[in-house]
Amino acid sequence: MAIAHKYTLVDDVKIHYVESAYKSDEKSLSTIVFLHGFPEYWGAWHKQLDYFSTHYRVVAPDLPGYNLSDKPTEISFYAVPNLIAFMAKFIAAISPCQSVILVAHDWGGAIAWPLAAFHPQLISKLIILNAAHPSTFTREMINNPIQRQKSAYIHQLISVSGESLLSNNDYRYLIEKIMVSSKADVFTDERRAQYRQVWRQQGAINGMLQYYRAMPQLASSHSDNGSPQAFDDKYLVKSNQVKNTSDIKIPNIRINHPTLVLWGEQDLAFVNENLDNITHYVPNCSLIRFPNTSHWLQHERPDEVNSAIDAFINQPLLSNQ
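Just so it is clear, the model here is predicted, and its values are computed rather than measured. (Residues numbered from 1 in each chain as written. Predicted model: local features only at pLDDT ≥ 70, side-chain atom pairs only at ≥ 80, totals over all residues. Heavy atoms only, no water.)

Looking at this structure, how should I read helix α7 (residues 162–178)?
Residues that lie three or four places apart on an α-helix share one face, since the helix turns once every 3.6 residues. Relative to the 24 Å expected for 17 residues at 1.5 Å per residue, α7 spans just 14 Å between its end C-alpha atoms, considerably shorter than the ideal helical length. All of the buried residues in α7 are Gly162, Leu165, Leu166, Tyr171, Tyr173, Leu174, Ile175 and Ile178. Residues of α7 that are buried sit in contact with α6 (153–157), α8 (189–199) and α9 (204–213). (Helix = DSSP H or I, 4+ residues; strand = E, 2+ residues; numbered from the N terminus. Expected span 1.5 Å × (residues − 1). Buried < 20%, exposed > 50% of the residue type's maximum accessible area, 1.4 Å probe, protein only. Contact = heavy atoms within 4.5 Å.)

What am I meant to see in the environment of Asn272 here?
Secondary-structure assignment places Asn272 in the loop between β9 (259–264) and β10 (285–290). Overall, the relative accessible area of 24% leaves Asn272 in the partly exposed class. Distance from Asn272 to Gln147, taken between C-alpha atoms, is 9.3 Å for residues 125 residues apart in sequence. For Asn272, the residues in contact, after removing those within four places along its chain, are Trp263, Gly264, Glu265 and Arg289. Engagement of the side chain of Asn272 in a polar contact is seen with the backbone oxygen of Glu265, the distance being 3.3 Å. (Polar contact = N/O pair within 3.5 Å; in protein donor to acceptor, adjacent residues only side chain to side chain.)

How should I be thinking about the packing of aromatic side chains in this particular structure?
Two descriptors summarise a pair of aromatic rings, namely the distance from one centre to the other and the angle between the planes of the rings. Scanning all chains against the criterion turns up 21 aromatic pairs. Their ring planes at 85 degrees and their centres at 5.5 Å tell us that Tyr41 and Tyr195 sit as a pair that is edge-to-face. Highlighted residues: Tyr41 in the loop between β3 (31–35) and α1 (46–52) and Tyr195 in helix α8, separated in sequence by 154 residues. Take Tyr41 and Tyr195: they sit in the same class, and that class is buried. Summarising the aromatic geometry, the rings of Trp107 and Tyr211 are spaced 5.3 Å apart at their centres and angled 65 degrees between planes, so their arrangement reads as edge-to-face. Taken as a pair, Trp107 in helix α3 (residues 107–118) and Tyr211 in helix α9 lie far apart in primary sequence, 104 residues in all. The burial state of Trp107 is the same as that of Tyr211; both residues are buried. Taken together, the ring pairs connect Phe38, Tyr66, Phe77, Tyr78, Phe86, Trp107, Tyr153, Tyr211 and Tyr212 into an aromatic cluster. (Phe/Tyr/Trp six-rings, centres within 6.5 Å; stacked < 30°, edge-to-face > 60°.)

What is the right way to look at the side chain of Thr293 in this model?
Along the chain, Thr293 falls in the loop between β10 and α10 (297–300). A distance of 2.4 Å separates a polar atom in the side chain of Thr293 from a polar atom in the side chain of Arg301. When residues no more than four places from it in sequence are discounted, the contact partners of Thr293 are Ser182, Gly264, Glu265, Gln266, Asp267, Glu300 and Arg301.

Please clarify how unusual backbone geometry should be interpreted in this entry.
With the exception of glycine, most residues fall at negative phi, and the peptide bonds are largely trans. For the peptide bond that leads from Phe38 to Pro39, omega is -10 degrees, which places it in the cis range. Position of Pro39 among the secondary structure elements: in the loop between β3 and α1. The backbone of Asp11 sits at a positive phi, close to 50 degrees, despite the residue not being glycine. By the secondary structure assignment, Asp11 is in the loop between β1 (4–10) and β2 (13–21). For Asp11, a relative accessible area of 46% translates into the label partly exposed. Even without glycine at this site, Tyr171 takes up a positive phi of about 65 degrees. Within the element layout of this structure, Tyr171 appears in helix α7. For Tyr171, a relative accessible area of 11% puts it in the buried group.

Please explain α9 as it appears in this structure.
For α9, the tally of buried residues reaches nine of 10 residues, placing the bulk of the element in the interior. Against α2 (80–94), α3, α6, α7 and α8 lie the buried residues of α9.

I tried to follow the nonpolar core on my own but got confused; where do I start?
When a protein is soluble and globular, its nonpolar side chains tend to lie buried together. Formed by 101 residues in total, the largest nonpolar core has its most connected members in Phe38, Ile127, Leu166, Trp199 and Leu262. Beyond its immediate stretch of four places on either side in the chain, Trp199 contacts Pro39, Tyr171, Leu174, Ile175, Met179, Ala204, Ile205 and Met208. (Core = buried A, V, L, I, M, F, W, Y, C linked by side-chain atoms within 4.5 Å.)

Which parts of the structure should I look at to understand the side chain of Ser20?
Here Ser20 lies in strand β2. For Ser20, the side chain forms a polar contact with the main-chain oxygen of Ala2, separated by 3.0 Å.

Explanation requested: the packing of α7 against α9 in the structure shown.
Any two packed helices are characterised by how steeply their axes cross, that is the angle between the axes, and by the distance between the axes. Across the interface, α7 lies against α9 with an axial gap of 10 Å and an inter-helix angle of 130 degrees. Taken together, the axes of α7 and α9 are oblique relative to one another. Handedness of the crossing formed by α7 with α9: right-handed. For the pair α7 and α9, contact is made by Gly162, Glu163, Leu166, Ser167, Tyr171 and Leu174 and by Ile205, Asn206, Met208, Leu209 and Arg213, respectively. (Axes fitted to C-alpha atoms, helices over the stretch in contact; angles between N-to-C directions. Parallel < 35°, antiparallel > 145°, perpendicular 65-115°, else oblique. Left-handed = near helix turned anticlockwise from the far one by under 90°.)

In structure tokens form, the structure reads like this:
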């Protein structure tokens, strides 16, 4: 697959993206935009780009703060409302004349869910891989102690020692604690070397941590009996974003687009209960579960993921959509 590396300027922030288009004399091709998550880059989608580039225009950016894209230093830039508006402008810039099919994972999904809700004209269909809907995720953070345990690592990431935690020992924390796959052959030595090169980009570790530092509300790291969880003192954080569960508000994010959720059930970051009653917020939602698959769904099950996305994309829209 031949890809072109390109840049576009959005609000004076330079965004790197790759693009590959099947050359055809037929009508304009539909565009698929792929948004990666933490701690990845556009290459997270290489097997999807290769598959879909034969019949679609495919675009995969490095999110701001990552890899070859600019890395704004202000935490306010990474506040979710700004990220939504920013990525909406990116989509409008690379596809000004037609809506896109949006595919997203992890933090890319955290942006994609509300982007589809608040900028519906930009999106024709939405595909989410292991990214909890903001409303159900907040519900589970409030009510589900297991979700709070799974999210406890965020307190380490937003601590004053977060950057050194990720960078020390040649990014050992990222390799051994985050990029943990249910399949031993997914993150090979070659792939890990590629990720290390991405993380070595100047400002990249700080950039990816900014997303977490700008989270508006995060449940306390204290356990249910009120005692602190077992973190070293250097990783403890005091922040006004950390709240008691009684003070956390559930956002009302409703999406009317045809939506497909692909979900690996062995996710270390999300409980499967995030899927419960998701149709309350996304009435036109289809769900495919992968029981023996982790958070890294598109890496572990690329053929099945590609087939599911392809089938969903080619389902005809209902007349009232």
